[in-house]
Amino acid sequence: MQLLSVNVAPPRTLVIDGKPVRTGIYKEPVPGPVPLNRLGLAGDGQADHTVHGGEHQAVYGYPFEHYAYWQEYLGAEPLPFGTFGENFTTSGLLETNVCIGDVFQTGSAIIQATAPRLPCFKFGHKIGRPDILKDFLHSGRCGFYFRVLREGDVAAGAPIEPTLKAPHGITIRRALGLQKLGEGDAYELGRALEIENLNPLLKRDFAQRFARWAG
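These lines cover the structure that appears in this document, whether it is placed above or below. (Residues numbered from 1 in each chain as written. Predicted model: local features only at pLDDT ≥ 70, side-chain atom pairs only at ≥ 80, totals over all residues. Heavy atoms only, no water.)

Considerations on empty space enclosed by the protein
Under the counting rule described, the total for this entry stands at two cavities of 30 Å³ or more. Approximately 40 Å³ is the volume found for the second largest cavity. Every residue lining the second largest cavity is listed: I100, G101, Q112, A113, T114, E196, N197, L198 and N199. A class-by-class count of the residues in the lining of the second largest cavity yields three nonpolar, five polar and one charged. (1 Å grid on protein atoms, 1.4 Å probe; cavity = no way out; pocket = protein on both sides within 12 Å on 5 of 7 lines; lining within 4 Å. Points joined across faces, edges and corners; volume = space filled by probe spheres on them. Nonpolar A, V, L, I, M, F, W, Y, C, P; charged D, E, K, R; others polar.)

Here it is in structure tokens:
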């Protein structure tokens, strides 16, 4: 498992459909070491804190393994690191093997997986394909958020070492299915709601689905 690239960008204003929109999705690789604090990387920022950023979404990781799939889908040249708006481009971590609550160390920082990432219209605009969002979501190649358990410095090329496997965690892919793809049942949602330190946005969506089952 390796941290292939560390990508940051401050928010900027774009015009989308004739309206000014603030976004921090245009991440670019930066040389390390880069300080990582409780709310994210030095030099990075998010524009809409109602859906991005915060303690439980301090860092967005995206598997490099998916790059070839999207290159073919888009008919594009090799995509640069940071294409998906990720802070960490990773190798060896996939939505199907990373569980919510898993803990990792990279550099001197310790991070914990918290939730799948849901695509937004700004990503579609960035790559010139506003129609991609549904396909991106249903592909399961969503990437994942981390929170920072110990602040420290991170750098491209460093290993990502697992330090704790969540004892009752569910995979990022399964969480995505429960959250947005209509998968699972009331029992599974109830178990998911018991996950310690569950991302508040994920908890809200799980609870809403659970309430519909219960009602």
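Observations concerning the sheet that holds strand β12 (residues 152-154)
As summarised here, the arrangement of the three strands in space is β6-β5-β12, forming an open sheet in which the pairing is antiparallel. The open sheet has two edge strands with one neighbour each: β6 (40-41) and β12. Summarising the sheet, strand β5 (residues 34-37) and β6 pair through two bridges and their orientation is antiparallel. Its bridge partner being in β6, N37 is matched across the sheet by G40. (Pairing = 2+ DSSP bridges. Helix = DSSP H or I, 4+ residues; strand = E, 2+ residues; numbered from the N terminus.)

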